[in-house]
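Take a look at the letters that make up each chain.
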Amino acid sequence: GAAAVGAAPALRASVTIAALIYYNALYSGFYFVILVTLASAKLRDFRFRSSMQELLLMPAVVIWALCEIPRFYLGYVGNLSERVPAMSAFLLITVFPTLPCVAFFTLGQEFTYPFDVAGGCVMLCLILSELVLGYCALKRLITRQTAQFLRRCQAESSADDGAMSPLLAGVS
């Protein structure tokens, strides 16, 4: 049957995004432990030709790690509660600083262990998948919420004895 105008619409969260965030969160814990271990071993055992590489390694790990928890929270809440600001913040934090940090861990280091490349490629695949699917989910969410808003405005204007809402004055 038709839903009442004032009734709350059914939530349509993306199961794929929720699963990606869940598996990325699990993998990030594993990745963090190994990344910190390898980074500390590199700083202890290797002599870097570039002091920039040496100076960037641990701060990049710390920045990435500090951004992961709020990123997962925002993605989870934004997806399940269909909140545009939270979903937008999730995508923004994913683009910067998460993506550049993981790209640096995977491809930009002077010294790499096999896990740096293999583990980083898995992480990059998860992040890029979250970006693409998260963007599509955000577009659908914005379109759906805009349509709901316009339907409510039309319902209110028809309830006001045919008086035209100023919000719909230019909409046809």
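Here's what I pulled together on the structure shown here. (Residues numbered from 1 in each chain as written. Predicted model: local features only at pLDDT ≥ 70, side-chain atom pairs only at ≥ 80, totals over all residues. Heavy atoms only, no water.)

**So, unusual backbone geometry**
Short version of the rule: Elements are defined by DSSP. Helices are runs of H or I of four residues or more, strands are runs of E of two residues or more, and each kind is numbered from the N terminus.
Between phenylalanine 96 and proline 97 the backbone carries a cis peptide bond, its omega angle lying at 15°. Here proline 97 is to be found in helix α3 (residues 84-107).

**Quick notes on the packing of helix α2 (residues 51-80) against α3**
Stated precisely, the cut-off is as follows: Note on geometry: axes are C-alpha line fits, over the in-contact stretch for helices, and angles between N-to-C directions span 0 to 180 degrees. The labels follow the angle: roughly parallel below 35 degrees, roughly antiparallel above 145, roughly perpendicular from 65 to 115, and oblique for the rest. With the far helix as reference, a near helix turned anticlockwise by less than a right angle produces a left-handed crossing, and one turned clockwise produces a right-handed crossing. Under the scheme applied here, ten amino acids are nonpolar (Ala, Val, Leu, Ile, Met, Phe, Trp, Tyr, Cys and Pro), four are charged (Asp, Glu, Lys and Arg), and all others, including Gly, are polar.
At a minimum axis distance of 8 Å, the contact between α2 and α3 shows a crossing angle of 155°. When the axis of α2 is compared with that of α3, the two are roughly antiparallel. The element α2 and its partner α3 pack so that their crossing is left-handed. Here the contact of α2 with α3 is composed, by residue class, of 18 nonpolar, six polar and two charged.

**As for helix α1 (residues 15-45)**
Where we set the bar: Every helix has an expected span of 1.5 Å times one less than the residues it contains. Throughout, a contact is declared for two residues whenever any of their heavy atoms are within 4.5 Å.
Taking 1.5 Å per residue as the helical rise, α1 with its 31 residues ought to reach 45 Å, and the 44 Å between its terminal C-alpha atoms agrees with that figure. Looking at the buried side of α1, the elements it contacts are α2, α3 and α4 (114-159).

**Here's the deal with the nonpolar core**
Put simply, the rule is: We define a nonpolar core as any set of buried Ala, Val, Leu, Ile, Met, Phe, Trp, Tyr and Cys residues linked to one another through side-chain atoms lying within 4.5 Å. A simple rule labels every residue: compare its accessible area, found with a 1.4 Å probe on the protein chains alone, to the largest value its type can have, and call it buried under 20%, exposed over 50%, or partly exposed in between.
Counting residues in hydrophobic clusters, the biggest one holds 18 residues, and the most contacted among them are Tyr31, Leu35, Trp64, Val102, Phe105 and Met123. For this core, the secondary structure elements donating two or more residues are α1, α2, α3 and α4. Here this core takes five residues from α1, the largest share from any one element. One finds Ile17, Met87, Leu131 and Leu138 within the second-largest nonpolar core, a separate group that totals 11 residues.

The quantities given are spatial measurements derived from coordinates; they are silent on function.
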